[in-house]
Amino acid sequence: MADTALTAPLRSPLSEVADRLATATRTSSGAIRLAELPFLTQINVRLDAKGAAADAVGAALGVHLPVEPDTAVRAGELAVVWLGPDEWLVVGPPGGQRDVESRIREAAGDEHVSVIDVSAQRTTLLVSGPRARDLLAHGCALDLHPRAFGPGRCAQTTLGRTQVVLVARDEARAGFWVLVRSSFAGYLTDWLLDAAVEWSG
């Protein structure tokens, strides 16, 4: 019987535009930085925020699950993004899906919890640099001023007519994560590159 296991190397949705992102970064003279952060671990978690599982899962991850709407918290290599009153996205380094998922399930025990690996559903774009907010503001209706959307804030929103999860990293210079469905990643990248022309040298 033939071996039907997938042996081809992983290929990110934006592997073919890495050079264009690097060029836009270089020609902006430091104003913006654009890059893909491929293959990040992304685990969707749903549970009762007031139940015993919430505290147990938070302890297993090393961070309290954020309960304030539109906030994100970080513990070491993991970030936990609030998506709804009973829903979070745990983001971590590539290849950590099984570990994170098992930690959550083990901590929850018999409590009702939904844990789904959605790592292949989205890719992540890094948008940083002094003009990152200006670039994003071209296509996002949110008020991105640091007073309204500072470090540790997040939102499910639209950027360039594409649904994304936007995360302001917990350090101001770290910029933003733009989590976008893989099928829309190419379109959104083209939009960002077009908008970034304003800062090309």
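Before reading further, recall that the structure is shown in the block above.
Predicted model only: the values in this text are computed from it and were never measured.

Calculation criteria
- Residues numbered from 1 in each chain as written.
- Predicted model: local features only at pLDDT ≥ 70, side-chain atom pairs only at ≥ 80, totals over all residues.
- Heavy atoms only, no water.
- Buried < 20%, exposed > 50% of the residue type's maximum accessible area, 1.4 Å probe, protein only.
- Helix = DSSP H or I, 4+ residues; strand = E, 2+ residues; numbered from the N terminus.
- Arc of directions from axis to C-beta.
- Contact = heavy atoms within 4.5 Å.
- Axes fitted to C-alpha atoms, helices over the stretch in contact; angles between N-to-C directions.
- Parallel < 35°, antiparallel > 145°, perpendicular 65-115°, else oblique.
- Left-handed = near helix turned anticlockwise from the far one by under 90°.
- Nonpolar A, V, L, I, M, F, W, Y, C, P; charged D, E, K, R; others polar.
- Salt bridge = Lys/Arg side-chain N within 4 Å of Asp/Glu carboxyl O.
- Phe/Tyr/Trp six-rings, centres within 6.5 Å; stacked < 30°, edge-to-face > 60°.
- Pairing = 2+ DSSP bridges.
- Polar contact = N/O pair within 3.5 Å; in protein donor to acceptor, adjacent residues only side chain to side chain.
- Core = buried A, V, L, I, M, F, W, Y, C linked by side-chain atoms within 4.5 Å.

Caption draft 1: Looking closely at helix α2 (residues 52-61). For α2, the full list of buried residues reads A53, A54, V57, G58 and L61. Relative to the axis of α2, the buried residues are bounded by an arc of 130° and lie together on one face. The exposed residues of α2 that point more than 90 degrees off its buried face are A52, D55 and A59. Where α2 is buried, its residues meet β3 (72-75), β4 (78-84), β5 (87-92) and α3 (97-108).

Caption draft 2: Inspection of the packing of helix α1 (residues 18-27) against helix α5 (residues 182-196) at higher detail. With their axes 10 Å apart at the nearest point, α1 and α5 run at an angle of 20° to one another. In terms of axis orientation, α1 runs roughly parallel to α5. The handedness of the crossing between α1 and α5 is left-handed. Within the contact between the two elements, α1 uses R20, L21 and A24 and α5 uses T189, D190 and L193. Residues of the contact of α1 with α5, tallied by class, amount to 3 nonpolar, 1 polar and 2 charged.

Caption draft 3: Local environment of the pattern of salt bridges. One pass over the structure, following the stated rule, counts 8 salt bridges. Note that E101 is salt-bridged to R105, the shortest N-O span being 3.2 Å. Note that E101 and R105 are positioned in helix α3 at a spacing of 4 residues, about one turn of the helix. When the shortest N-O distance is used, the salt bridge between D134 and R131 registers 2.6 Å. A relative accessible area of 33% means that D134 is categorised as partly exposed.

Caption draft 4: The packing of aromatic side chains, seen in detail. Evaluation of the coordinates by the stated rule reveals 1 aromatic pair. Each ring, one from F149 and one from F176, has its centre 6.4 Å from the other, and the planes form 15°; the classification is stacked. With F149 in the loop between α4 (132-137) and β8 (154-159) and F176 in strand β10 (residues 176-181), this residue pair connects regions lying 27 residues apart in the sequence. Assigned by exposure class, F149 and F176 land together as buried.

Caption draft 5: View of the sheet that holds β5. Reading across from one edge, β3-β4-β5-β2-β6 is the order of the 5 strands in this open sheet, with antiparallel pairing throughout. Of all the strands in the sheet, just β3 and β6 (114-117) have a single pairing partner and so form its edges. Each neighbouring strand pair of the sheet contributes to a mean axis angle of 20°, computed without reference to strand direction. Two strands pair when backbone bridges link them, and strand β2 (residues 41-46) and β5 are joined in this way by 6 bridges, in the antiparallel orientation. Bridge pairing in β5 links T41 to G92. Sheet strands touched by α3: β2, β4, β5 and β6. Its angle to β2, the strand with the most contacts, is close to 20°.

Caption draft 6: Molecular detail of the side chain of S119. Summarising the element assignment, S119 is placed in the loop between β6 and β7 (122-128). At 3.5 Å, the side chain of S119 and the side chain of Q97 are in polar contact. At 2.6 Å, the side chain of S119 forms a polar contact with the side chain of D117.

Caption draft 7: How the structure looks around the nonpolar core. In this structure, L34, L135, L136, L159, V178, L188 and L192 are the most contacted members of the largest nonpolar core, which totals 31 residues. Sorting elements by how many residues they give to this core places α5 first, with 7 residues. Excluding residues within four positions of it along the chain, V178 makes contact with T123, T124, L125, V127, L136, L159, V164, V165, L166 and L188. Judged by nonpolar contacts, the second largest core, of 19 residues, contains V57, W82, I104 and A108.

Spatial relationships are all this shows, so hold off on functional conclusions.
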